[in-house]
Structure formats: C-alpha cells, structure tokens
Amino acid sequence: MRKIILMMSVSLDGFIEGPDRELDWHLVDDELHRHFNQQLGAMGGFLDGRVTYELMAGFWPTADADPASTGPVVEFARIWRDTPKIAYSRTLAHAGWNTTVVRDVVAEEVLALKAQPGGDLVLGGADLAATFMRLDLIDEYRLYVHPVVIGRGKPLFPPSDAEISLRLAETRTFGNGVVLLRYQRPD
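Since the structure is predicted, the reported quantities are computational estimates derived from the model, not experimental observations. (Residues numbered from 1 in each chain as written. Predicted model: local features only at pLDDT ≥ 70, side-chain atom pairs only at ≥ 80, totals over all residues. Heavy atoms only, no water.)

**Some points on the pairing of strand β3 (residues 45–49)**
Buried residues dominate β3, accounting for 5 of its 5 residues. Along β3, one buried face is formed by Gly45, Leu47 and Gly49 and the opposite face, lined by Phe46 and Asp48, is buried too. Pairing geometry for β3 and strand β4 (residues 85–88), over 4 bridges, is parallel. Its bridge partner lying in β4, Phe46 is registered against Lys85. (Buried < 20%, exposed > 50% of the residue type's maximum accessible area, 1.4 Å probe, protein only. Helix = DSSP H or I, 4+ residues; strand = E, 2+ residues; numbered from the N terminus. Pairing = 2+ DSSP bridges.)

**Quick notes on the pattern of salt bridges**
Enumeration according to the criterion identifies 13 salt bridges in this entry. Notably, a salt bridge pairs Arg78 with Asp82, separated by 3.9 Å at the nearest N-O pair. Here the residue Arg78 and the residue Asp82 both occupy positions in helix α3 (residues 71–82), the gap between them amounting to 4 residues, near one helical turn. Looking at Asp82, the relative accessible area reads 47%, which means it is partly exposed. (Salt bridge = Lys/Arg side-chain N within 4 Å of Asp/Glu carboxyl O.)

**Side note on α3**
Look at α3: 17 Å from first C-alpha to last across 12 residues, which is about the 16 Å you get at 1.5 Å a residue. All of the buried residues along α3 are Pro72, Val73, Phe76, Ala77, Ile79 and Trp80. End-on view of α3: buried residues confined to an arc of 165°, all on one side of the axis. Elements in contact with the buried residues of α3: α1 (30–41), β3, α2 (50–57) and β4. (Expected span 1.5 Å × (residues − 1). Arc of directions from axis to C-beta. Contact = heavy atoms within 4.5 Å.)

**Observations concerning the sheet that holds strand β9 (residues 167–173)**
Read across the sheet, 8 strands follow the order β5-β4-β3-β6-β1-β7-β10-β9 without closing on themselves; strand pairing throughout is mixed. What marks the edges here is a single partner per strand, and that holds for β5 (99–102) and β9. Taking the axes of each pair of neighbouring strands and ignoring which way they run, one obtains an average angle of 20° across the sheet. With 3 bridges joining them, strand β1 (residues 4–11) and strand β6 (residues 121–124) adopt parallel strand pairing. Its bridge partner being in β6, Leu6 is matched across the sheet by Leu123. (Axes fitted to C-alpha atoms, helices over the stretch in contact; angles between N-to-C directions.)

**Quick notes on the nonpolar core**
Formed by 25 residues in total, the largest nonpolar core has its most connected members in Leu6, Leu47, Tyr88, Leu123 and Phe132. Elements with a contribution of two residues or more to this core: β1, β4, α4 (107–115), β6, α5 (126–134) and β7 (140–146). With 5 residues, the single largest contributor to this core is α5. Ignoring any residue separated from it by four or fewer positions in sequence, one finds Tyr88 in contact with Leu47, Asp48, Gly49, Arg50, Val102, Asp104, Val105, Val110, Leu128 and Phe132. Formed by 24 residues, the second largest nonpolar core is a distinct cluster that contains Ile5, Leu32, Tyr144 and Leu180. (Core = buried A, V, L, I, M, F, W, Y, C linked by side-chain atoms within 4.5 Å.)

**A short note on the packing of aromatic side chains**
Counted under the stated rule, the structure contains 8 aromatic pairs. Ring centres of Tyr88 and Phe132 lie 5.9 Å apart, and the angle between their planes is 75°; on these two criteria the pair is classed as edge-to-face. Residue Tyr88 is found in strand β4, and its partner Phe132 is found in helix α5; the two are separated by 44 residues along the sequence. Following the ring pairs from residue to residue traces out a cluster consisting of Phe36, Tyr144 and Phe174. Over the ring of Trp80 we find Lys85, and its NZ or CZ is 4.4 Å from the ring centre. (Phe/Tyr/Trp six-rings, centres within 6.5 Å; stacked < 30°, edge-to-face > 60°. Lys NZ or Arg CZ within 6 Å of the ring centre and 35° of its normal.)

Geometric descriptors of this kind do not, in isolation, establish any biological role.
Laid out in structure tokens, this is it:
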C-alpha cells in the first residue's frame, strides 16, 4: 500500500511561510534541490491544497524554459508537470498540468487512492496537512528544518488536541544547514 508523506520546509520556529506568505528564507541550493528531485521524482502523485497548487502552477510549468534555470530546476519542472496531481479546493474551477480537482478530503477516497498501485503520495500545504492529520491519514513526516527564525507567519501545525506518536526514521544534514527530520508511524 502506498504511503501519504507530508514533506514540508519549516523555519526553526515552526513556520512554513512568513506573515505575508514570504518564502525567501528557504535555503534551497543545488544539493537540497537535487535531493528534493530524487525524493519527489519517485512519488506516484502530489496532493496539494489550493494555495500550494497555485503557487506551484504559477512557476513550474515553464521554469525549464528560463535560460538562467539551474539543472535541478530544469529537472523539477519536468517532474512537476509529469507527476499526477490532486488539488483539493472548493473554489478552484480548473487545473492543468495533469491535475484533478477534488472538492473535499474524504477519508475513504484517500484510503482507496493509497490502495492503488504506484509510488507514494506527497502531501503539500499546511491547511491540507491539518485536515489529513485530523483524519489520521499521514503515514510519514519529512520536515526540512531551515536554520532561520522568522518570528511569525503560518505555522506548519495549528493547535490541535491530537497526539500522534512517531518514530525517528532518518536525519540528514545538508551543507547549507538544513536538517531533514523523517518520522514514521511506529510499526
């Protein structure tokens, strides 16, 4: 059975974006980008909320056409376009680039999606992640902690009454100081 993997960059103080949706504090160099490409290129699909989908769709479809794009950027543009995507949104009328729009997260539908053949499914977006957490649908957490404190913004995890026990499966430190913390459900 496929896994649902939450894969997010986060500041040291737990934010995924600044107060005005800034992402300029992300420290994505070629080493980290190649790692992302390796991880995401093996995925069977991207599950994104509307905000994350629109952010990605605003850049990646043509990122490889820019002569200034680095090799990892060119590679990820192809990965993003080719990988099947589900955009969860009640307002998005249309989505291109191999994307299906789904209005609501229904646990039974997600479990049926997990049961299909193919690679794991990567989850993107804090609001969507909160819904998947509430429905107990996340199998693995891959948090990329950036060595920066931004003070305020959108937290990765909103307040919740849920307690989720996990086991540490991997840590990795990248040359730019970003640390991967990979947690899985206990066996």
